Amino acid sequence: MIFNNLLIFTSLIAAAVVITSRDWRVSIGGLAILYLLVFILVIQIWPIALASVKLISGLMGISLISAARINVEKSQLETPRSELFFRLLLSILVWLVLAASAPTINEWLPISYTNLYIGLSLISSGLLFSSLVRLPYEKIIGVLLLLIGFDVIYSSLEGSALVTAVYALITILISVLSGYFPDEVDYEGGI
Amino acid sequence: MSAPVIWIVIPAILALLLLFIPTKKFQLALFFIICVILFLATIVVKIDSIGGVRFYEFDVPATLQILGRRFVLPEESKGLIRIVFAINAFFAGIVFFLDQKSRLIPLGLLFSCLLLAAYSVEPFLYSALIIEIAVLVSIPILYDQNADRNTGGLRYLTLQTLGMPFILLTGWFLAGGEITPVGQEQLIQAVVLLGLGFMSWLAIFPLHAWVPMLFEETRAIDSGYVFQMFFLFLFLIMLKFFNNFVWFREYAPVIQAFRVLGAFMCILGSAGSYFSQSPQKKNGYILLHIIGILTVSVGIMNESDISMFSQSALSLWAGFTLLTISSAYIQSDLNQTTSPGSQNQSAREFLGSLGLIIAQISIAGMPLSIGFSSTQNIYLTSAKISNVLIVLLIVSKLIISVVSFNNIAVLVIKNQWSLSDLNLGKKELAFLLVLIFFIIAGIFPGLSLPVADDLISGFQNLIQ
């Protein structure tokens, strides 16, 4: 029980770090903690060899994002503190709503509550993050957050070597895209 | 050697090998030859033939097994394979003629193979993963590295990624549902998940905003090619679900949702194309209109038959292809070194605009156009179902017609050309031939019917 609560608490803090950080290094660090957390969660259900594929592919993705960002100059447009605070408050609100609705969803998806709650909160954080940020690499981190969250839920439902392999490939390919797009301020086109 | 090896694995490997060829023209020629060979292979290769084969034919199994999953391309899917490689060869020809910089050579071949793999994989839930990889492969086709505007592309990536979990979860919910009937609660859960997944994939309202944005940010030929293939396969995968799950296609709320959302998308797309200032965005909105029409045709399929879908799909995609290549032709005009106002440029502008008008008229389903008979079929069936539906469809088609009339007005009033002044070079003549082909196909719609039947021959349960 304490261990499960600790896992939930750590995942929420790591997600909060990713969401509210101004420095890409800190965001990437938060993402790395989340991949480690997924490994700890999945290892309880799957064999270590299969679970480690998730950790390794995640860390490879992080290396690819870091390699793409390392020579990029820091953006002149620094995110205001109020926006970071807004993102955090919005995330906390969503996590609270999820805490209330997770038992109902648990009737649909018969997996452990810890995995379900962590999965759902990471999916929602990923969606929130990618919709609120401006830079392409941040949006891609948001997509990765979403995928980590779904991975926690789906791994608890089904253990397939092929799905794990394809999922790892998808994670790596998405990370590659972070270096493909340059930093660009969000364009909102009208009709 | 099996059918999936011939039409999925080998072309995918060849596409990757083509990446290492430095000369663009040689790469393009090889791409074209590979597509033609794979197209012709559908004639000499028989899949799981029951009787004997002729001396020039080969018999291959339909199934390829990888780690317990099966990729199945039966004899009935050869029509689709032909269409896929014909589209690839056609677009290679267009890239050659327009002399445009495009990444669809050779990545388009890999993209098509991935979509074919997604269509053929069993159990179907794995198609979600393969489609996600296809989406990731399509990004380098659509955008150059360091493209200065990419918001539409990032939204496309995010929403397509969001669709994957829903479809995977549906697959888990429906495990065994193909054989045994599912309970009411399970049915509702599966329908909700599948609906959300397809809404995300098919850019159904309110998840549609990325389409016009992306069209504005990318080259017309690339976005036209990618989304023509992508949405064609998504609709075919959706029909595969309908074909396999009897209870799903007979569940009233699903059919109702298809009709309502489809009609809404028709109006949204046509209104967007009317109000849009940018020609590229206009194309994006017209694509949304096409998605709407196809969604409606799936929704009213029960009242008629599946051939209505295939005929609509074929005519609308043909119209959209012409729209794409006409836009690309006009874009290539802007990129060419010909001096503005020259006779050659005038001919291109004239022919490109004419192509746009014919394409829009076809999509609007006007008489003597390629889309006329299929649009009439949809009207006829919709009229039996609901007055509101038929009114919405007619209004949306009227708006598309107004867009094309607007283009005609611009062509006739703003540009005071005399046809005798137009200097037709080789490219202009080739484009003129394409236009004549489209006009003939519109006058004789029966010519395209066998191709439409080929598209749906694999869905035995849906053919009434």
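Keep in mind it's a predicted model, so treat the numbers as computed, not measured.

Asks: In this structure, what is going on with the overall build of chain A? I would like to understand it.
Replies: From N to C terminus, chain A includes seven helices and zero strands. Ordering the α and β elements of chain A from the N terminus gives α-α-α-α-α-α-α. For chain A, the C-alpha radius of gyration of 17 Å lies close to 16 Å, the compact-globule estimate for 191 residues. Overall size of chain A, expressed as C-alpha extent along the three principal axes, is 45 × 35 × 35 Å. Counting only residues that meet the buried cut, chain A has 40% of its 191 residues in that class. For chain A, the share of sequence-separated contacts (at least 6 apart) that also reach a separation of at least 24 residues comes to 72%.

Asks: Whenever I open this one, the environment of B:S312 confuses me. Can you help?
Replies: Residue and element names in this part refer to chain B. By the secondary structure assignment, S312 is in helix α13 (residues 307–335). You can call S312 buried: it has 24 C-beta atoms within 10 Å. Other than its neighbours up to four places away in sequence, S312 contacts I293, L294, S297, S374 and I378.

Asks: Is there a simple way to think about the interface of chain A and chain B in this case?
Replies: Bring the parts together and some accessible area is lost; that lost area is often taken as the interface size. Tallying the contact residues gives 29 residues for chain A and 28 residues for chain B. Elements with a minimum of two residues in the side of chain A that touches chain B: α6 (136–157) and α7 (161–180) of chain A. Of all the elements, α7(A) adds the most residues to the side of chain A that touches chain B, at 11 residues.

Asks: What is the right way to look at helix α5 (residues 126–142) of chain B in this model?
Replies: Owing to its 3.6 residues per turn, the α-helix aligns residues three or four sequence positions apart on the same side. When the terminal C-alpha atoms of α5(B) are compared, their 25 Å separation across 17 residues agrees well with the 24 Å that a helix rising 1.5 Å per residue should span. Counted residue by residue, α5(B) has 15 buried out of 17 residues, so it is predominantly covered.

Asks: I keep staring at the pairing of strand β3 (residues 63–66) of chain B and nothing clicks. Help me out?
Replies: Consecutive residues of a regular strand have side chains that alternate between opposite faces of the sheet. Residue and element names in this part refer to chain B. Looking at chain direction, β3 and strand β4 (residues 69–72) are connected through four bridges and run antiparallel. Its bridge partner being in β4, L64 is matched across the sheet by F71. In textbook terms, the turn of a hairpin is the stretch between consecutive antiparallel strands, and for β3 and β4 this stretch comprises two residues, one of which, L67, has a positive phi near 50 degrees.

Asks: Where do I start with the pairing of β4(B) in this structure?
Replies: Examined bridge by bridge, β4(B) and strand β5 (residues 121–122) of chain B share two bridges and lie antiparallel to one another. Paired with B:R70 across the bridge in β5(B) is B:E122.

Asks: Even after reading the chapter, I still don't get the confidence of the model for chain B, so can you show me in this structure?
Replies: Keep in mind that low pLDDT regions are not for reading the predicted coordinates in detail. Overall, the prediction assigns chain B a mean pLDDT of 85, with 93% of residues at 70 or greater. Across the assembled chains, the prediction reports ipTM 0.90 with pTM 0.91.

Asks: Any chance you could explain the domain arrangement of chain B here in plain terms?
Replies: Residues and elements named next belong to chain B. When cut into domains, chain B gives domain 1 (1–122) and domain 2 (207–456). Among the secondary structure elements, those contributing two or more residues to the side of domain 1 that touches domain 2 are α3 (78–98) and α4 (104–120). Of the residues that constitute the side of domain 1 that touches domain 2, the class distribution is 13 nonpolar, five polar and three charged.

Asks: So what exactly am I meant to see when it comes to the sheet that holds β5(B) here?
Replies: By way of backbone hydrogen bonds, the strands of a sheet pair with one another, either parallel or antiparallel. The three strands lie next to each other as β3-β4-β5 (chain B), forming an open sheet whose pairing is antiparallel. In this open sheet, the two edge strands, each paired with only one partner strand, are β3 and β5 of chain B.

Asks: How do you make sense of the nonpolar core when you look at a structure like this?
Replies: The tendency in soluble globular proteins is for nonpolar side chains to be buried side by side. Residue and element names in this part refer to chain B. Among the nonpolar cores identified, the biggest contains 198 residues, and F111, L114, L115, A118 and F233 are the most heavily contacted of them. Considering every element that reaches this core, the biggest residue donor is helix α9 (residues 220–244), with 16 residues. Two domains each provide a minimum of three residues to this core, namely domain 1 (1–122) and domain 2 (207–456). With residues near it in sequence (within four places) discarded, A118 still touches S127, I130, I131, A134, F233 and I237.

Cut-offs applied
Residues numbered from 1 in each chain as written. Chains lettered and ligands numbered in written order. Predicted model: local features only at pLDDT ≥ 70, side-chain atom pairs only at ≥ 80, totals over all residues. Helix = DSSP H or I, 4+ residues; strand = E, 2+ residues; numbered from the N terminus. Rg over C-alpha atoms; globule rule 2.2 N^0.38 Å. Buried ≥ 20, exposed ≤ 12 C-beta atoms within 10 Å, placed from the backbone. Contact = placed C-beta atoms within 7 Å. Expected span 1.5 Å × (residues − 1). Pairing = 2+ DSSP bridges. pLDDT = per-residue confidence, 0-100. Domains from an automatic or database assignment. Nonpolar A, V, L, I, M, F, W, Y, C, P; charged D, E, K, R; others polar. Core = buried A, V, L, I, M, F, W, Y, C linked by C-beta atoms within 7 Å.

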